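Tertiary structure, described
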Amino acid sequence: MGAELIYRGHETQPTSASYTPKPHKPWIHPIRYILREQRLLFVLIGIAIATVFFSLLPASSPNNPYHGGRLIHNNPISDSHFPAESTQLTHHHRVFYQDHFHAGGKVPLGLKTKGQRIVVTGGAGFVGSHLVDRLIARGDSVIVVDNFFTGQKENVMHHFGNPRFELIRHDVVEPLLLEVDQIYHLACPASPVHYNSLIRVYKTNVVGTLNMLGLAKRVGARFLLTSTSEVYGDPLQHPQVETYWGNVNPIGVRSCYDEGKRTAETLTMDYHRGAGVEARIARIFNTYGPRMCIDDGRVVSNFVAQALRKEPLTVYGDGQQTRSFQYVSDLVEGLMRLMEGEHVGPFNLGNPGEFTMIELAQVVQETIDPNAKIEFRPNTEDDPHKRKPDITKAKDLLGWEPKVSLRQGLPLMVSDFRQRIFGDQKEDSATTTTKTSSG
């Protein structure tokens, strides 16, 4: 029987009346897949190898301008929402950050691994220049902002050429925009001889502080205000603690400075509470040391300059007014501890050793010239009768107290004054002799 070939391509195949999707696999299948054939073990081994590899990679080079921070551009930037706080961006250097450690507010300042970018307003002045020295020595990059109304370029010239130092001639009553991590706001004419520039002093205290607080808010920098013991006025409480509100004449000849600093403290606390600015407030008591202006009207510089020039030491009133004198290096240490700590303040920074003006004059006589005369003159208006800080708060929270006594620090200041006073005279004498001989 022959084979029969049957073609069924024309026949219609039966189809299902409705589509039935593929049934879902149980959720346990992915777990079984991972556990099968030791896949999980190989995944864990891969993660461990990657962790070890990346932990052993060397850190990025510090020469990279983007290393550890942001690169500052020279393009002008403005902000229509903050017209009083906006201005041009200025020069830039590479940014190096420095670790700071906090242990209950007490900071081991020697333990540093990388630098920060810090602006010091008034950094060419007496206190500011000593602060700049410490910050540069610590490894920070420092921008000094000063209009040289009282500051001297000579105070910071030894840092010229250092790539971590910049100097900007600028008045803080005009806005300024910089990329920084910390702001030490020291700018203000503090000497009594500048109280005749009343509006300038007050504007620096108020508008200048407002501009620097605006900068701190804009770039997220920590802000330290150097206030003054003058906020206590002619105190009725002795010694003065930070909770004392003071006894200040709001319309006196010293009010531009006293009330200006009180307003600056108000602004600082308002920015801290209302705008989240990390703020610190230091109330500085009488400070002395090298680089003080020779004829700035402050009692220590007056006495030292007068004794060196063989002039009578001028004592105002009966000489029983008291002051406390701290050496500048102690103050700088306190400011740095306050900035790096976790406490807002205010903090009294001063030496609690109390001297009458007569006693101070006698120490100057012992140090310079025992035969120096003392001359009494009528007292000045609103001169405080007593001034002595209570530094318990700074001791407890900052671990700070002054180390240099008046008799230790005064000879260092005298040496600096002697070189500046008589060094200038020798140069003038040499110049005069040269002109006479050539004529």
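- Per an unreviewed UniProt entry, the chain goes by UDP-glucuronate decarboxylase and derives from Rhododendron griersonianum.
- As recorded by UniProt, the Function (unreviewed entry) comment attached to the chain reads in full: "Catalyzes the NAD-dependent decarboxylation of UDP-glucuronic acid to UDP-xylose. Necessary for the biosynthesis of the core tetrasaccharide in glycosaminoglycan biosynthesis."
- As stated in UniProt under Cofactor (unreviewed entry), the record for the chain gives "NAD(+)".

**Some details on helix H4 (residues 198-219)**
- An ideal rise of 1.5 Å per residue puts 32 Å on 22 residues; H4 measures up with 31 Å between its terminal C-alpha atoms.
- At Thr 204, H4 shows its largest kink, close to 30°.
- Just past H4, the residue Gly 220 takes up positive phi, approximately 75°.

**Quick notes on the UniProt feature "transmembrane region" (unreviewed entry) in the chain**
- The sites that UniProt annotates as "transmembrane region" (unreviewed entry) are residues 40-57.
- The span residues 40-57 is 89% helical and 0% strand by assignment, and the distance between its end C-alpha atoms comes to 26 Å.

**Here we look at the packing of aromatic side chains**
- Scanning all chains against the criterion turns up 6 aromatic pairs.
- Sitting over the face of the ring of Phe 148, Lys 153 holds its NZ or CZ atom 5.7 Å from the ring centroid.
- A cation sits over an aromatic face here: Lys 393 above Phe 347, 4.9 Å from the ring centre.

**Comments concerning the sheet that holds strand S4 (residues 182-185)**
- Strand order across the open sheet formed by 7 strands is S3-S2-S1-S4-S5-S6-S11, with parallel pairing between neighbours. One side of each edge strand has no neighbouring strand; the edge strands of this open sheet are strand S3 (165-169) and strand S11 (347-349). When the angles between neighbouring strand axes are averaged without regard to direction, this sheet yields 20°.
- Here S4 pairs with strand S5 (residues 222-228) via 4 bridges, running parallel. Residue His 185 lies in a different strand from S5, and its bridge partner there is Leu 225.
- The strands touched by H4 are strand S1 (117-121), S4 and S5; relative to S4, the strand with the most contacts, the crossing angle is about 175°.

**Section: the pairing of strand S6 (residues 279-284)**
- Counting buried residues along S6, 6 of its 6 residues qualify, which places the element largely inside the surrounding structure.
- Residues Ala 279, Ile 281 and Arg 283 of S6 are buried on one face, and the alternating residues Arg 280, Ala 282 and Ile 284, pointing to the opposite face, are buried as well.
- Two elements, S5 and S6, share 6 bridges in a ladder whose sense is parallel. Residue pairing in the sheet places Ser 227 in a bridge with Arg 283 of S6.

**Points about the environment of Gly 123**
- Position of Gly 123 relative to the elements: it lies in the loop between S1 and helix H3 (126-138).
- For the pair Gly 123 and Val 156, spaced 33 residues apart in sequence, the C-alpha separation works out to 8.1 Å.

**A few points about the environment of Met 269**
- Position of Met 269 among the secondary structure elements: in helix H5 (residues 255-275).
- A relative accessible area of 19% means that Met 269 is categorised as buried.
- Put simply, Met 269 and Ala 279 are 10 residues apart on the chain and 7.4 Å apart in space, counted from C-alpha to C-alpha.
- With residues near it in sequence (within four places) discarded, Met 269 still touches Ile 281 and Val 344.

**Focus on the packing of H4 against H5**
- One can describe the packing of H4 onto H5 by two numbers: an axis separation of 9 Å at closest approach and a directional angle of 15°. In terms of orientation, H4 lies roughly parallel with respect to H5. The way H4 lies across H5 gives a crossing that is right-handed. Of the residues in H5, those touching H4 at Leu 198, Val 201, Tyr 202, Asn 205, Val 206, Thr 209, Leu 210, Leu 213, Gly 214 and Lys 217 are Cys 256, Tyr 257, Glu 259, Gly 260, Lys 261, Thr 263, Ala 264, Leu 267, Thr 268, Tyr 271 and Ala 275.
- Of the residues that constitute the contact of H4 with H5, the class distribution is 12 nonpolar, 6 polar and 3 charged.

What counts, and where the lines are drawn
Residues numbered from 1 in each chain as written. Predicted model: local features only at pLDDT ≥ 70, side-chain atom pairs only at ≥ 80, totals over all residues. Heavy atoms only, no water. UniProt positions renumbered as here; feature names shortened; annotations may be inferred. Helix = DSSP H or I, 4+ residues; strand = E, 2+ residues; numbered from the N terminus. Expected span 1.5 Å × (residues − 1). Bend = angle between axes of the 7 residues up to and from the residue. Phe/Tyr/Trp six-rings, centres within 6.5 Å; stacked < 30°, edge-to-face > 60°. Lys NZ or Arg CZ within 6 Å of the ring centre and 35° of its normal. Pairing = 2+ DSSP bridges. Axes fitted to C-alpha atoms, helices over the stretch in contact; angles between N-to-C directions. Contact = heavy atoms within 4.5 Å. Buried < 20%, exposed > 50% of the residue type's maximum accessible area, 1.4 Å probe, protein only. Parallel < 35°, antiparallel > 145°, perpendicular 65-115°, else oblique. Left-handed = near helix turned anticlockwise from the far one by under 90°. Nonpolar A, V, L, I, M, F, W, Y, C, P; charged D, E, K, R; others polar.

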